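Letter by letter, the chains look like this.
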Amino acid sequence: MEDFIKLKDEGNKYFQSGDTDKAIECYSKVIKTCKDNKVLAVIYRNRSACYLKKENYANAASDASKAIDVDAADIKALYRRCQALEKLGKLDLAFKDVQRCATIEPKNKTFLETLRRLGAEIQQKLKTTFSTDSRVQNMFDILLDDEMEKDKREKAANNLIVLSREDAGAERIFQNNGVPLLLNMIEMGKPEMILAAVRTLSGMCTGHKARAMAIIHMVGVDKMCSIMAVDNEEIALATCNLFQCINDSLTGGDKREYGKEEALVLDAAKDLKTILLSLLEMVGSKKVSGIGRDQALNLLSKNVPRNNKKDKDNSRTLFTIDHGLKKILKVCGQVPELPDQLPMTENTQLIASVLLNKLHDDLSCDPERDNFRDICDEYIKSKIDPNDMDKTIHAVNTISGLLQGPFDVGNALVGRQGIMEMMVALCGSEREVDQMVAIEALIHSSSKMSRASFIITNGVSLLKEIYKKTTNEKIKIRSLVGLCKLGSAGGDDYGLRQFAEGSTEKLAKQCRKWLCNPKIDTKTRKWAIEGLAYLTNDADVKDDFVEDETALKAMFELAKSTDKTIMYSVACTLVNCSNCYEKKEFLPELVQLAKFSKQHVPEQHPKDKKDFIDKRVKRLLKAGVISALAVMVKADSSILTNQTKEMLSRVFLALSMDAKDRGTIVAQGGGKALIPLALEGTEAGKTKASHALAKIAAISNPEIAFPGERVYEVVRPLISLLQTDKDGTENFEALKGLTNLAGFSEKLRVKIVKEKALPEIENYMFEDHEQIRQAATECMCNLVSCKEVQDRYLEDGNDKLKLMILLCGEDEEKLQIAAAGALAMLTAAQKKLCLKMTLVTTQWLEILQRLCLHTNSSIQHRGLVIVYNMLNSDNSELAKKLMESELLEILSVIGKAEDNPKRQCAIDAARECLIKAMDLGLIKPFSSPP
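Quick caveat: nothing in here was measured; it's all calculated off a predicted structure. Along each chain, numbering runs from 1 in the same order as the chain's sequence is written. Where local features are concerned, this predicted model is filtered to residues with pLDDT of at least 70; where side-chain atom pairs are given and counted, the filter is 80 or more; whole-chain, interface and lining totals use all residues. Excluding hydrogens and water, the side-chain figures rest on all heavy atoms present in the structure.

Visitor: How should I be thinking about the overall build of the protein in this particular structure?
Guide: A tally of helices and strands in the protein yields 55 helices and zero strands. The dimensions of the protein, computed from C-alpha atoms along their principal axes, are 100 × 90 × 65 Å. In the protein, the proportion of contacts linking residues at least 24 apart, taken out of those at least 6 apart, comes to 68%. Surface accessibility in these figures is a Shrake-Rupley result with a 1.4 Å probe; residues are shielded only by whichever protein chains are displayed. When the accessible surface of the protein is split by element, carbon and sulfur atoms take 50% of a total near 44,500 Å². Numbering of helices and strands starts at the N terminus; helices are DSSP runs of H or I of at least 4 residues and strands are runs of E of at least 2. The contact rule is simple, with two residues in contact once any of their heavy atoms fall within 4.5 Å.

Visitor: Is there a simple way to think about the nonpolar core in this case?
Guide: Generally speaking, a soluble globular protein has its nonpolar side chains buried in company with each other. Take the buried residues of types Ala, Val, Leu, Ile, Met, Phe, Trp, Tyr and Cys, join any two whose side-chain atoms come within 4.5 Å, and each joined set is a nonpolar core. Only protein chains enter the area calculation, which uses a 1.4 Å probe; residues under 20% of their type maximum are buried, those over 50% are exposed, and those in between are partly exposed. One finds Leu 515, Leu 655 and Tyr 793 to be the most contacted residues of the largest nonpolar core, which totals 263 residues. In terms of residue count, the dominant contributor to this core is helix α11 (residues 191–205) (nine residues). Residues contacting Tyr 793, with those up to four places away along its chain left out, are Met 765, Met 780, Val 784, Lys 800, Leu 801, Met 804, Leu 826, Leu 833 and Lys 836. Counting residues in hydrophobic clusters, the runner-up holds 35 residues, among them Phe 4, Val 30, Ala 61 and Leu 85.

Visitor: What is the right way to look at the environment of Leu 882 in this model?
Guide: Structurally, Leu 882 is set in helix α53 (residues 876–883). Overall, Leu 882 belongs to the buried group, its relative accessible area being 0%. Between the C-alpha atom of Leu 882 and that of Leu 845, which follows or precedes it by 37 residues, the distance is 8.4 Å. Every residue in contact with Leu 882, bar those within four places of it in the chain, is listed here: Trp 844, Leu 845, Leu 848, Val 867, Met 870, Leu 871, Leu 887 and Leu 888.

Visitor: How should I be thinking about the packing of helix α10 (residues 178–187) against α11 in this particular structure?
Guide: Packed helix pairs are characterised by how far apart their axes lie and by the angle those axes make with each other. Contact geometry of α10 with α11 gives a least axis separation of 8 Å together with a crossing angle of 150°. Classified by the interaxial angle, the pair formed by α10 and α11 is roughly antiparallel. Between α10 and α11 the crossing geometry is left-handed. Between α10 and α11, the contacting residues are Val 179, Leu 182, Met 185 and Ile 186 on the first element and Met 193, Ile 194, Ala 196, Ala 197, Thr 200, Leu 201 and Met 204 on the second. Here an axis means a line fitted to C-alpha atoms, over the contact stretch when the element is a helix, while the angle between two N-to-C directions is reported on a 0 to 180 degree scale. Should an angle fall under 35 degrees it is taken as roughly parallel, and over 145 as roughly antiparallel, whereas 65 to 115 is taken as roughly perpendicular and any remaining angle as oblique. Handedness of a crossing follows from how the near helix is turned relative to the far one, being left-handed for an anticlockwise turn of less than a right angle and right-handed for a clockwise one.

Visitor: Would you take a moment to explain empty space enclosed by the protein for this structure?
Guide: Left-over empty space is what a probe sized like a water molecule reveals as it rolls over the atoms. A cavity, in this analysis, means grid points on a 1 Å lattice covering only the protein atoms where a 1.4 Å probe fits yet has no way out; a pocket is instead an open set bounded by protein on both sides within 12 Å along at least five of seven lines, and a residue lines either one if it has an atom within 4 Å of a point. Grid points are joined across faces, edges and corners, and a volume is the space filled by probe spheres set on the points. Enumeration according to the criterion identifies four cavities of 30 Å³ or more in this entry. For the second largest cavity, the full set of lining residues is Phe 243, Gln 244, Asn 247, Leu 272, Ile 275, Leu 276, Leu 279, Leu 299, Leu 300, Asn 303, Val 304 and Arg 316. Of all the elements in the fold, those that place two or more residues in the lining of the second largest cavity are α14 (233–253), α16 (269–283) and α17 (290–303). Sort the elements by how many residues they give to the lining of the second largest cavity and α16 lands first, with four residues. Side-chain classes follow a simple rule in which Ala, Val, Leu, Ile, Met, Phe, Trp, Tyr, Cys and Pro form the nonpolar group, Asp, Glu, Lys and Arg form the charged group, and the remainder, Gly included, forms the polar group. Of the residues assigned to the lining of the second largest cavity, the class counts are eight nonpolar, three polar and one charged.

Visitor: Explain α11 to me, please; I cannot follow it from the model alone.
Guide: Side chains that are three or four residues apart share a direction in an α-helix, a result of its 3.6 residues per turn. In this model α11 runs 21 Å from its N-terminal to its C-terminal C-alpha over 15 residues, within 8% of the 21 Å that 1.5 Å per residue would give. When you tally the buried positions in α11, you get twelve out of 15 residues, the bulk of the element. Here α11 has its buried residues at Met 193, Ile 194, Leu 195, Ala 196, Ala 197, Val 198, Thr 200, Leu 201, Ser 202, Gly 203, Met 204 and Cys 205. Looking at the residues trailing α11, positive phi occurs at Gly 207, about 70°. Expected span of a helix, by definition, is 1.5 Å for each gap between consecutive residues, and there is one gap fewer than residues.

Visitor: Please explain the state of the cysteines as it appears in this structure.
Guide: Here a disulfide denotes one covalent bond, and it connects the sulfur atoms of two cysteines. Note on terminology: disulfide denotes any pair of cysteine sulfur atoms within 2.5 Å. Evaluation of the coordinates by the stated rule reveals zero disulfides. Summary of cysteine pairing: Cys 376 is not part of a disulfide, and the nearest cysteine sulfur, belonging to Cys 332, is at 9.0 Å. When its relative accessible area of 0% is taken as the criterion, Cys 376 is described as buried.

Visitor: Teacher, can you tell me more about unusual backbone geometry here?
Guide: Both trends apply: most residues other than glycine have a negative phi, and most peptide bonds are in trans. With a phi close to 60°, Asn 177 is a non-glycine residue in the positive phi region. Relative to the elements of secondary structure, Asn 177 occurs in the loop between α9 (167–175) and α10. Judged by its relative accessible area of 45%, Asn 177 falls in the partly exposed class. With phi around 60°, Lys 756 is a residue other than glycine that occupies positive phi space. With respect to the helices and strands, Lys 756 occurs in the loop between α44 (746–754) and α45 (758–764). Lys 756 sits in the exposed class, given a relative accessible area of 64%.

That's the geometry; what it means functionally is another story.
This is how it looks when you write it as structure tokens:
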């Protein structure tokens, strides 16, 4: 018994000292060994208090209940349980407990106040609940009534969707038999009803694991897949979003605590596996529409590969490869021109290639990669059949898909004995579809110079022959693109051209002719852009292309079409035309050494110099490139790969180099389009997009350039450019952009501070580079009206205020204006800083006098405002010191000057200072008016 008392007392001491963990430990030891119910009741009550303090309300309520079981009138335990139940949202039970407390102690003010408050909360909740319940029922009555007017049903559907996006509303729909009613809406078969039901289910599943799991079982994964499989883009997209909401909730998006229910909620592995298998089944099913197949592939692409390679678990990828790789390869191998093929959109095969690339990229060791390649190899071998040409071209098309995805895998398969020969043989087939598939495979397989050299030896003459002989435009254009690609194998190196002088221009001219012919189908015309993507490595070709406004506009219109497979080619062409690709820097000494040793030295074409590039950029802007880029940025995330995003970012940066063009970029939606590019993609791509944003933000009205809430999304990309690994130009333009944003609104200033930009900006105020230091000081000048920034200057133990004073003494006028402006605002906002500035540096008075005597009226005005702030700081000693210095004479001279519109602000400020000094009794009034 003594041990129990000792442990209890020890636990009490720990609790009183604030160490609740140790207190819980002591109380738990007593509970394990003690058999005395009365002692246990006290211990449970005490441990309940500990759990309350730790905000573990489920355990607090449980322990209090155990104490109450022993003594139903234990008032402390009753009140503790009341507090815990209230926090758990169980207001009615909490009310009952405090009611019993108030019965036992009717004069206890705490109990009476809690009773009153909980009563009011319960009434409000009941009112809301009954109101919501009746609204939910009313909406379903309207929606399920066939005779109800259409606009009323549409309004009810929208209300239901909005309600489902709030947690309380979603719960009411769920509790009020909502899921079966939503299934009834789906069974009606009307697209608008299906859409409303699916969107409502998405809202109910968002951020709530328990509800998401319940809905999966009530609706069924097969049912959801059948809805996504319909040939209706809106419904397929909405169902895809429903699957994504469920996935996010089941994989950790839901951070709620469920108490006792948690064990029932946590294990979502089985449901996730069922969803994954069902999506893989959809990929290869003939019953699924093209748009539905796209969404299934998109969901796999987004949710299967790891987002972070530091996470070692790639089991989802391995499972997908084992159970679904052949299904994805089947999609890649489809030949739409043949009968009995899977329904597909223009984008399906490219989405499948991107998924293959992501899966392969997610593999972590050679055995995993070997397994991936072996499955692909086995699949292709199974399809090659000399007696069945349809199966054979399916195999060739599958290789094309791999070459557009995991290139190394496709490249290895092309190198297998007989594959290349088979592709060359198919080029000579009498069937046009065989020729098309084979030529496309040849084009995709020549993406690397090592492979291109083989085809230059074996395939160029073949492609030329096909080009000359065929009368079919589809075959002709593909063979031409093959020639274009081989002709551009040297890139932009003027000295490494594959074809004779003028050949590439002729090829490009033919590509432009096809591109501008509206009679040719889109799928064929896109190959013309594919050809130009290669040929525009040649400066003569790109120069001719941008002069052809009709061809440019035709390319931009195709970029806006539903066929998004064209984006990569358009992006490549634009990168080439604006010369914004990554350029290798060669040291002159190494070039000379290479020439001496007779090694090849890359040469720059005369038309790749700055003045030619600038002209091309102007032509692109005039033809409407920005609106095309804005549409491309909004494309499906699976097709808009990180590599394409980087190219688009490079183009945007090249287009925004001239400040005069930035207004055009903003007017055509370029500012908004840059934000997603700056937030996602490769590091190089995000940096380029952020740099373009900085250029626009530096000189544009933020309200126009980034309308609505988007302006707050611009802050983080700009701050990312302040990192030390970024170059000086990026640092400078980011600071200019932030300066403009900080001068726009208090909300933006707060956002900049919250994003932890202050230390970076302060570092650049020490920078040796004059322009960067000036930009950082101007930015700080616009931020000092923020309370948090002022607090940093009030803190002891740093040189922030000293630096600002010393910057006021620099020779560069723009820097002085910024620093003096910041000091004027700081001393006006925080009177304590007036005295502090006299303590941080002995040079303060000399610098202040220099400001007040400055020939630049803006600097002089700021200096005089600082003097006024010091006089107005409620520090009589400081004011006296100022008036005993030469400042009195300076103020008198300026104040007595005649009114002058150019210097009036400074004159008025000096007079204000003298009036203040008179009010303080430090000087006598003027003998005559100024």
